[in-house]
Amino acid sequence: MKLSAIAMALGTSLPPGVTDREIAGIASPQGADGRQITFLAKKDFQAAVASSRCAAVIVRKGEAVPGKVCLETVDPYVGYAKIAQVFEDLRPLWGKGSAPSAVIDPTAEIGTGVSVGPLTVIGTKVRIGERSRIGAHCVIESETVIGADCRIDSGAVIRSKTVIGNRVIIQSGAVIGSDGFGNARENNRYVRIPCFGNVVIEDDVDIGAGSMIDRGNFESTVLRQGAKLDNLVHVAHNVIIGEDTAIAAQAGISGSTRIGKRVMIGGQAGFVGHIEIGDDSFIGAKAGVSNDVKQGEKVTGYPARDIMTLRRIEASEARLPELLKEVKRLRKEIEALKRR
Amino acid sequence: MKLSAIAMALGTSLPPGVTDREIAGIASPQGADGRQITFLAKKDFQAAVASSRCAAVIVRKGEAVPGKVCLETVDPYVGYAKIAQVFEDLRPLWGKGSAPSAVIDPTAEIGTGVSVGPLTVIGTKVRIGERSRIGAHCVIESETVIGADCRIDSGAVIRSKTVIGNRVIIQSGAVIGSDGFGNARENNRYVRIPCFGNVVIEDDVDIGAGSMIDRGNFESTVLRQGAKLDNLVHVAHNVIIGEDTAIAAQAGISGSTRIGKRVMIGGQAGFVGHIEIGDDSFIGAKAGVSNDVKQGEKVTGYPARDIMTLRRIEASEARLPELLKEVKRLRKEIEALKRR
Amino acid sequence: MKLSAIAMALGTSLPPGVTDREIAGIASPQGADGRQITFLAKKDFQAAVASSRCAAVIVRKGEAVPGKVCLETVDPYVGYAKIAQVFEDLRPLWGKGSAPSAVIDPTAEIGTGVSVGPLTVIGTKVRIGERSRIGAHCVIESETVIGADCRIDSGAVIRSKTVIGNRVIIQSGAVIGSDGFGNARENNRYVRIPCFGNVVIEDDVDIGAGSMIDRGNFESTVLRQGAKLDNLVHVAHNVIIGEDTAIAAQAGISGSTRIGKRVMIGGQAGFVGHIEIGDDSFIGAKAGVSNDVKQGEKVTGYPARDIMTLRRIEASEARLPELLKEVKRLRKEIEALKRR
C-alpha cells in the first residue's frame, strides 16, 4: 500500500516526494522497519520515534519529529487504530467457505462469503450474514441470527435464539445465551427458574475471551451498539448495556441492572442487581456498586463512593494509627487540665 | 395446558368458570398475552399486573388483583419458578439419540432416552443415566459417571472420573475436574503436584457457564445436593460445598475450604484455603474471607467482618477527613488552655 | 515400584529390610493403604500419620514417626510433589497417536510419540514436539509451535502463532492468544485496535483452566520459565510475567504491566496497566495494585499498601466508631474547660 493511501485514510496530507513509498504495515517505534509506519501518541515515545527506522510516523496536528515523514492527525492514537485496521489480516484462518468437517444443519442459511472453520456446529434455522468469519470448534445453536462481517473465534458457544448484529466480534471461550442464575427458595431448598428470553447483541459490539452473557428471563439481555467487553466479564440475565460502554476484564454485572451509554467500567468491578448506572459515568476498577450512579458521576471503591471523596478518605486512613495516638494524648492532657 | 392443571401444580384452587382456560406459557406482567399467566411477587409490580393481558396471575395467599383470575400461593416467586419449569422446553436441542457426528467410545454405557449433540466426545467406560441431555461439542472423559435427567450444555468439559448425580445442570464453558493449583517450592522453583482425586457432584446441583471445579489431590472435591453455582466461579481442589448453598458469579474458593449448608455467597467473594464456613451463614459480595465463619454469621468486606460492624465502620470512614480536622482544632485549643 | 527406588528419587536412605517393599502410589495419611506411601509436611498431621496404614512416610530430616518407615528429606512437601510426579499417569487419555476424528492439516509437523485426542483441530504449519499429549476438542491454530512433553487438556484453544516451550501444561477451557482489549476513542465511539503480536510461553509454565492470555499489540505477551497460573486468570496484551512467578485464581493483569521473577500473587488481585512489579515481591489476595511495587515488597489491600501498614490501618478502622465518640466527648470537655 502506498503512503498516499494511508494519508488519505487518515484524512491528512503528505510532503512531496514520499507519496509513493510502499508501506507494508504498522509497528511500534522500536519494532518498525523501513517499510512500516509508526505513531507518536505520548510524549514519552518521542526519543523512540526519533531513532525509529519507520517509513513515516502518525503525529498530533502541529507536532513534528525531526528527520521523519509525519502524518498529522487530531489524535494519533485513533490514527494508529484506523491504520492498524487497514493492515488487519481478514483472510479466513481456516480457508474460504465451510470446512468439510463442519456440521451444518441443512436448514441453516449461510450468507455469501462466509467462512466456517473445522468441526464447527451450526444448528437448525441459524442465519449467518455475508462475509462473517466463524472459527473452528464453534457452536452456534438453533435459531440464532448473526449479521454480516462478524468474527466468531474458535471455541465460542452461541446458544439458541441469540440475535447478533453486524461487525460483531465474539472471542474464543465466550458463551452467549447461558441460563441466568435464578432460584426461588422454598423450605431452604432452591427451585430453579428456567429462562425463556434470549441475548441481543447490536452492531459493532466486541466480546472478549471467556466472557459469559446470560439470556433474559422472559425478555432479552441486551448489549447495545458499540459496547466493548474485555475478557472474563459476567453479564447476568436481563442486563442492558448501553451504546459505546466499555467494560474491562473480570467485571461482573448482576441481573436486571441497566448500564447507560459511554460508561467506562474498570476491571473486576461488580454491580448488584436492579440498579441504574447513568450515561457517561465512570466506575473505577474493583469498585463494588450497590446503588444507582448518576449521569456523569465518577465512583470507585467498595462501597462505591464519589472518586474525590474516596481519595480523601483513603488519605485519612493512612493517618488513622497516628490519629488514635493523638486522641489518647489529648485525653490525658484534658484530664490534666481538668485537675488544675 | 389447562389452567386447572396449573392450579393443581401450585396446590391451589380456582374460581368456577375458568378451569378450562388454555395456558401456553408464563411471562412477565408486561409481556404476557391472553394465553399466558404471570405472577405478582413484589408490590412494585401491582400496577403492571393490573394492566396485564395475562390469563391469570399467581399471587400471595389472601391477595387479589381486581379483574384478574388469581392463583393464591404461599410464595408467588416460588410459584413462578414451579410453573416456569412446567413450561420449560425439555426437547433435546439437537434431536433424539446420539448425533451421527458424536464420537462415543464403544465401552460407554448410554442410558435410554439420552440425547447427545453433534461432535460431542464420550470416552471409555463413561456411564450416562436415562434421559440426560448432552449438548454439542461437549467432552466427557473416561470413567465419568453421569446420573439421570442431567443437562450438559454445549461446550462443557467434564474430565475423567467425575461422578455426577441426577438432575444436575452443567452449563456451557464449565470445566469439571481440572487439576488443582498445587506447587511445592524448592530453591525458588516450583515442583508441580499432580492430583489423583476427582470431583463428585450430587443431585440437583447447577453449575454456571465458565465455572471451573478442580479435582481433589487424593480425595474428592464435593458439591453436595442442591448447591447452585453462578457463572465463572472458581472451586479449588478438595473444597466441599454443602447442601443448598448458593454461590454468585465470579466468587472463588481456595483449596480445602469447607462451605456449610444453605450458605449464601455474593458475587466476587473470595475465600482463602483451609477454613470452615458455617451452615446458614451469609457472605457479602466482594467479601474477602480469611478466617472461619460461624454458623448463621453474616460477614462482608475485606477483611470480612460482621456486617453490622462493617456498616458502622464504613459510616465512620466517611467522617474521617472531618475528624482529622476536628482533632487538629482540639489540639490547638488544648495548647491555648495549657498556656492560660 | 520398590521403596528403594522412591528413596533414591528423594535422595535419601532406608533402614534395612524394607527396600524391597512394593509401592503402588502416594496418598493422604488417612487414605493410604499398605501399598502406598504418605508424607508428614505439617505437625498437625502427626496423629493421622501415626495411625496411617501407609507403607512408609516422607518426613523432615531428623524427624521420626514411631512404628513407621520414614524417608527423611529436607522438605517433605517437596518430597511429596516429586513422588506424586513419579506416580502420575502419563498415558495418553485417548490412546496413542492421533485419534481418527482429529482434523490435522497436512502441513502440520507432529513429533514422535505425540498423542492427539478426538475431534481436535490442528491448523496449517503447526509444529508439536515429541511426546506432547493433546486432549480432545482442542483447537491449535495455524503457525503455533508447541515444544516437547507438553500437556494440552481437552477444550483448550491456542490461537495462531503462539510459541510454547517444553513441559508446558495448558488446562481445559484456557484460551491462549486472544486479541487484546485495545480501543481508541473518537467522538465518543470506540475504534478497535487489531493486535499483530503473539503469546510466548516458556518451558515449565502451567496455565489453569479457563485462564485467558491475550496476544501482544506488536510484540509478544510473555510468560517466562516456570510461571504458574491458576484458574480464570486474565493476562492482557503485552504483559510480561517473570520466571517462577505464581498467580492464584481470578487475578487479572492489565496491559503492558511487567511482573518480576518469583512474585507471589494472591487470588482475585488486580493490576492496572503499565506498571512494574519487582522480583520476589508479594501481592496479597484481592489487592488492587495501581503503582509500581519494589523488589521484595509485600503489599495488599485496595489501594495496595505495605502489608504491615495496612494491618495497622485495619486494626485502627475497627476502633473508628469509638474514636468518633471519644472526640465528641473531648470537644465537650474542652468547651467546659474554656468556660471555666
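### Digging into the overall build of chain A
Step number 1: When you go through chain A residue by residue, the secondary structure sums to five helices and 36 strands.
Step number 2: By the compact-globule yardstick of 20 Å for 340 residues, chain A is too spread out, its C-alpha radius of gyration being 26 Å.
Step number 3: The principal-axis extent of the C-alpha atoms belonging to chain A is close to 95 × 70 × 30 Å.
Step number 4: Across the 340 residues in chain A, those meeting the buried criterion constitute 59%.
Step number 5: Within chain A, contacts between residues separated by at least 24 positions form 16% of all contacts whose residues are at least 6 apart in sequence.

### Here's the deal with the domain arrangement of chain A
Residue and element names in this part refer to chain A.
Step number 1: Segmenting chain A into domains produces domain 1 (3-87), domain 2 (103-308) and domain 3 (309-339).
Step number 2: Computed over C-alpha atoms only, the centres of domain 2 and domain 3 are separated by 49 Å.
Step number 3: Carbon and sulfur atoms supply 56% of the area buried between domain 2 and domain 3, which totals about 510 Å² over both sides.
Step number 4: The largest share of the area that domain 2 buries against domain 3 comes from Arg305, Ile307 and Met308, three residues that together contribute 69% of it.
Step number 5: Inspection of the region where domain 2 meets domain 3 yields zero salt bridges.
Step number 6: Of all the elements in the fold, those that place two or more residues in the side of domain 2 that touches domain 3 are β36 (305-306) and α4 (307-318).
Step number 7: Of the residues that constitute the side of domain 2 that touches domain 3, the class distribution is two nonpolar, two polar and two charged.

### Considering empty space enclosed by the protein
Step number 1: Applying the stated criterion to the full structure yields five cavities of 30 Å³ or more.
Step number 2: What lines the largest cavity is a set of 36 residues, and nearest its centre among them are Lys286 and Tyr302 of chain A, Tyr302 of chain B together with Lys286 and Tyr302 of chain C.
Step number 3: Of all the elements in the fold, those that place two or more residues in the lining of the largest cavity are α4 of chain A, α4 (307-318) of chain B together with α4 (307-318) of chain C.
Step number 4: In this structure, the second largest cavity spans a volume of roughly 300 Å³.
Step number 5: Looking at the second largest cavity, it is lined by 26 residues, and the ones nearest its centre are Gly155 of chain A, Gly155 and Gly173 of chain B together with Gly155 and Gly173 of chain C.

### What about the relation of the copies chain A and chain C?
Step number 1: In the superposition of chain A on chain C (RMSD 0.1 Å, axial shift 0.0 Å), the rotation amounts to 120°. Within this description, the copies of the chain are treated as partners about a three-fold rotation axis.

### Quick look at the packing of aromatic side chains
Step number 1: Under the definition given, this model contains 17 aromatic pairs over all chains.
Step number 2: Geometrically, the ring pair formed by Tyr77 of chain A and Tyr80 of chain A is edge-to-face, given 5.7 Å between the ring centres and 65° between the ring planes. Note that Tyr77 of chain A and Tyr80 of chain A are positioned in helix α3 (residues 76-87) at a spacing of three residues, about one turn of the helix.
Step number 3: Pairwise contacts between aromatic rings join Phe39, Tyr77 and Tyr80 of chain A together with Phe196 and Phe218 of chain C into one cluster.

### Some points on the interface of chain A and chain C
Step number 1: With 68 residues of chain A at the interface, the matching set in chain C holds 67 residues.
Step number 2: Three residues stand out in chain A for area buried against chain C, namely His137, Lys286 and Leu324 of chain A, and they jointly supply 11% of the buried area on that side.
Step number 3: Between the two partners, chain A and chain C, sit nine salt bridges.
Step number 4: Notably, a salt bridge pairs Arg305 of chain C with Glu317 of chain A, separated by 2.8 Å at the nearest N-O pair.
Step number 5: Taken together, chain A and chain C are joined by 27 residue pairs in polar contact (both at pLDDT 80 or more).
Step number 6: Residue assignment for the side of chain A that touches chain C shows that the elements contributing at least two residues are α3, β24 (228-229), β27 (246-247), α4 and α5 (320-339) of chain A.

### Concerning the confidence of the model for chain A
Step number 1: Here chain A averages 96 in pLDDT, while 100% of its residues score no lower than 70.
Step number 2: Among the prediction metrics, the complex's ipTM stands at 0.96, with pTM recorded as 0.97.

### Remarks on the side chain of Ser160 of chain B
Step number 1: By the secondary structure assignment, Ser160 of chain B is in the loop between β14 (157-158) and β15 (163-164).
Step number 2: Non-local contacts of Ser160 of chain B, meaning those with residues more than four positions away in its chain, are made with Glu141, Ser142, Thr144 and Arg215 of chain B together with Leu93 of chain C.

### A few points about the environment of Asp280 of chain A
Residue and element names in this part refer to chain A.
Step number 1: Within the secondary structure, Asp280 sits in the loop between β32 (276-277) and β33 (282-283).
Step number 2: A relative accessible area of 33% places Asp280 in the partly exposed class.
Step number 3: Between the C-alpha atom of Asp280 and that of Leu330, which follows or precedes it by 50 residues, the distance is 46 Å.
Step number 4: Leaving out residues up to four positions away in the same chain, Asp280 has contacts with Lys261, Arg262, Val263, Gln295 and Gly296.

Cut-off values and rules
Residues numbered from 1 in each chain as written. Chains lettered and ligands numbered in written order. Predicted model: local features only at pLDDT ≥ 70, side-chain atom pairs only at ≥ 80, totals over all residues. Heavy atoms only, no water. Helix = DSSP H or I, 4+ residues; strand = E, 2+ residues; numbered from the N terminus. Rg over C-alpha atoms; globule rule 2.2 N^0.38 Å. Buried < 20%, exposed > 50% of the residue type's maximum accessible area, 1.4 Å probe, protein only. Contact = heavy atoms within 4.5 Å. Domains from an automatic or database assignment. Buried area = accessible area lost by both parts, 1.4 Å probe. Salt bridge = Lys/Arg side-chain N within 4 Å of Asp/Glu carboxyl O. Nonpolar A, V, L, I, M, F, W, Y, C, P; charged D, E, K, R; others polar. 1 Å grid on protein atoms, 1.4 Å probe; cavity = no way out; pocket = protein on both sides within 12 Å on 5 of 7 lines; lining within 4 Å. Points joined across faces, edges and corners; volume = space filled by probe spheres on them. Least-squares fit on C-alpha atoms with pLDDT ≥ 70 in both. Phe/Tyr/Trp six-rings, centres within 6.5 Å; stacked < 30°, edge-to-face > 60°. Polar contact = N/O pair within 3.5 Å; in protein donor to acceptor, adjacent residues only side chain to side chain. pLDDT = per-residue confidence, 0-100.

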